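Next come the chains, spelled out residue by residue.
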Amino acid sequence: MPNAPLFIMVGGFLGAGKTTTVGRLARHYQSLGKRVVVVTNDQAADLVDTHTLRSQGLEVGEVAGACFCCNFNELTGVMEKMGLQGGDALPDVVLAEPVGSCTDLVATVLRPLEKVYNRPLRVAPYAVILKPSHGLRILGNHDKAGFSPQAAYIFKKQVEEADLVLVNRVDELPPAQVAELTRLVNEQFPGRPVLPVSAGTGAGFDALLAHLEGGSIIPAGKTMDLDYDVYAQGEADLGWLNSQGSVVSDSPFDIDALAIGLVREIQALLSARDAETAHLKVTVKGAGALAVANSISNCTDPKLSHPTGARADGVELVINARVAIDPETLSALVRQGTESAARAVGGRAALENLRSFRPGRPVPTHRMPQPVG
Ligand SMILES: Nc1nc2c(ncn2[C@@H]2O[C@H](COP(=O)(O)OP(=O)(O)OP(=O)(O)O)[C@@H](O)[C@H]2O)c(=O)[nH]1
Ligand SMILES: [Mg+2]
């Protein structure tokens, strides 16, 4: 099937760098003249990731409301709607980003795509991004890893099922930490290539592309054991919040200042409660521009990942937060932080469609732990 679409799923924990990686891979394939579609995924609607990738000019479909594994038919449905089904619109590359608290994706998504889904696809080896800020603490078995042991179990299982492991953020990570993370993966999950990469700068991506296009790396017989009770508890330990909103003011304000202010204010309120952030991300859209700001842990400075330099007197917000805290408190803190960030730029905030919850137990559509025959 040399001409079949290449399906690349990039996994990794919340805030590991999946969207940044997918965006970079998409631009690479586009620069080769290929048609690329991206599929994003979340437990609820209003995804910062979809807005971020669309603002880069990419074709993006969304599976919202459940993870790929629990909503397999929606994944294939979205791919078909986006033109996987033959004809002139056949894409060359499908890039898929799963929910960052999901695992067992080889058995529930990649093998069913090869076996059950009745269309030709070349499924690339499964690359999982290791998030350094939590990886050092979780794989290093530190006392204060930030998350419950059950959430840490998911983090480790994600690495275990990888065909190759990407140590991300090498642009800012001291070489000793890159070496330590590589050592921890080699010791605990031997046999997987470990690539140092930077989704931010593209360092290491030539090697990544060579692996992705080079076929399966770990023998297909590999099957991962997974305790779904622990997995479900680990997901439920995270509070999940997706919201839209707006900020208006009598005079134009700096939309980058609002984006980073939102993340800083909410992050400070969460840190004061000792609630570990897995990923807090916001988009602020106004004057035809989209600012994006993120925080990926309580020990990492919030970052304006897409500055715009734009000013506006009215903007739309999307806020996605995944934090080790109960959903009710998370809602209250996000409201409080949003109001004070809006005041700081001379504006007034309103949040709409705010949904906060604990993710439910994963019940995969298919589970194929056996090797594809
Ligand atoms: N310095 C640096 N920052 C990075 C790198 N990769 C990602 N980031 C930043 O890390 C944050 C999270 O990146 P995302 O790509 O959104 O992470 P994700 O895995 O898609 O997050 P979720 O979808 O929420 O699970 C953003 O602020 C990115 O700009 C990198 O290689 N270097
Ligand atoms: Mg993402």
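Thresholds applied
- Residues numbered from 1 in each chain as written.
- Chains lettered and ligands numbered in written order.
- Predicted model: local features only at pLDDT ≥ 70, side-chain atom pairs only at ≥ 80, totals over all residues.
- Core = buried A, V, L, I, M, F, W, Y, C linked by C-beta atoms within 7 Å.
- Buried ≥ 20, exposed ≤ 12 C-beta atoms within 10 Å, placed from the backbone.
- Contact = placed C-beta atoms within 7 Å.
- Near = placed C-beta within 6 Å.
- Helix = DSSP H or I, 4+ residues; strand = E, 2+ residues; numbered from the N terminus.
- Domains from an automatic or database assignment.
- Pairing = 2+ DSSP bridges.
- Nonpolar A, V, L, I, M, F, W, Y, C, P; charged D, E, K, R; others polar.
- Axes fitted to C-alpha atoms, helices over the stretch in contact; angles between N-to-C directions.
- Parallel < 35°, antiparallel > 145°, perpendicular 65-115°, else oblique.
- Left-handed = near helix turned anticlockwise from the far one by under 90°.

Asks: How should the nonpolar core be read in this particular structure?
Replies: General note: in soluble globular proteins, nonpolar side chains tend to be found buried as a group. Core analysis: the biggest nonpolar cluster contains 110 residues, and L95, L130, L166, L258, A259 and V282 have the highest contact counts within it. Aside from chain neighbours lying at most four places away, what touches L258 is V247, F253, V284, V315, A341 and V345.

Asks: Would you mind going over the site of ligand 1 with me for this structure?
Replies: Around ligand 1 sit 22 residues, and of these G17, T19, G100, G200 and N294 come closest. Within the residue set of the shell around ligand 1, elements represented by two or more residues are α1 (18–31) and β12 (303–306). Element by element, the count of residues in the shell around ligand 1 is highest for α1, at three residues. Looking at the shell around ligand 1, you find at least three residues from each of domain 1 (6–235) and domain 2 (239–357).

Asks: Sorry if this is basic, but what is going on with the pairing of strand β11 (residues 289–295) here?
Replies: As a general feature of sheets, a regular strand has side chains that alternate between the two faces. Burial of β11 is extensive: six of the seven residues sit out of reach of the surface. Here seven bridges tie strand β10 (residues 277–286) to β11, and the two strands are oriented antiparallel to one another. Bridge pairing in β11 links T283 to V292. In sequence, β10 turns back onto β11 through a hairpin of two residues, with A287 there showing a positive phi of about 55°. Where β11 and β12 come together, three bridges link them in antiparallel fashion. Among the inter-strand pairings, V292 is bridged to a residue of β12, identified as H306.

Asks: Help me out: how do you make sense of the domain arrangement of the protein chain in this one?
Replies: By a widespread convention, an interface's size corresponds to the accessible area lost as its parts come together. On domain assignment, one finds that the protein chain holds domain 1 (6–235) and domain 2 (239–357). Only α2 (48–54) and α5 (132–139) provide two or more residues apiece to the side of domain 1 that touches domain 2. Element by element, the count of residues in the side of domain 1 that touches domain 2 is highest for α2, at three residues. For the side of domain 1 that touches domain 2, a count of residues per class yields seven nonpolar, ten polar and one charged.

Asks: It is not clear to me how the packing of helix α6 (residues 149–160) against helix α9 (residues 228–236) should be interpreted in this structure. Could you clarify?
Replies: α9 packs onto α6 with a crossing angle of 110° between their chain directions and a minimal axis gap of 7 Å. Considering their axes alone, α6 and α9 lie roughly perpendicular with respect to each other. Crossing of α6 over α9 shows left-handed handedness. Across from Q150, A151, Y153 and I154 in α6, the residues of α9 making contact are V230, Y231, Q233, G234 and E235. Grouping the amino acids of the contact of α6 with α9 by side-chain chemistry returns five nonpolar, three polar and one charged.

Asks: Would you mind going over the packing of α5 against helix α7 (residues 175–188) with me for this structure?
Replies: Where α5 contacts α7, the axes come no closer than 10 Å and their chain directions differ by 50°. Between α5 and α7, the angle is such that the two are oblique. Once α5 is placed against α7, the crossing between them reads as left-handed. Counted together, P132, G135, L136 and L139 of α5 and Q177, E180, L181, L184 and Q188 of α7 form the full contact between these two elements. Looking at the contact of α5 with α7 residue by residue, the class counts come to five nonpolar, three polar and one charged.

Asks: What am I meant to see in unusual backbone geometry here?
Replies: Peptide bonds are, in most cases, trans, and in most cases residues other than glycine have a negative phi. We note that D46 has phi near 70°; this positive angle belongs to a residue other than glycine. Tracing the backbone shows D46 in the loop between β2 (36–42) and α2. For N141, which is not glycine, the phi torsion reads 55° and is therefore positive. Of note, N141 is situated in the loop between α5 and α6.

Asks: What is the right way to look at the sheet that holds β11 in this model?
Replies: Whether parallel or antiparallel, the strands of a sheet pair through hydrogen bonds between backbone atoms. What the six strands build is an open sheet, ordered β12-β11-β10-β13-β9-β14; its pairing is antiparallel. Of all the strands in the sheet, the pair left with one neighbour each is β12 and β14 (347–357). Adjacent strand axes in the sheet meet at a mean angle of 20° when their direction is disregarded. Pairing of strand β9 (residues 239–254) with β14 involves nine bridges; the strand directions are antiparallel. Across the sheet, the residue bridging to W240 is F357, located in β14. On the sheet, helix α11 (residues 327–344) packs against β9, β13 (311–323) and β14 and is oriented at approximately 165° with respect to β14.

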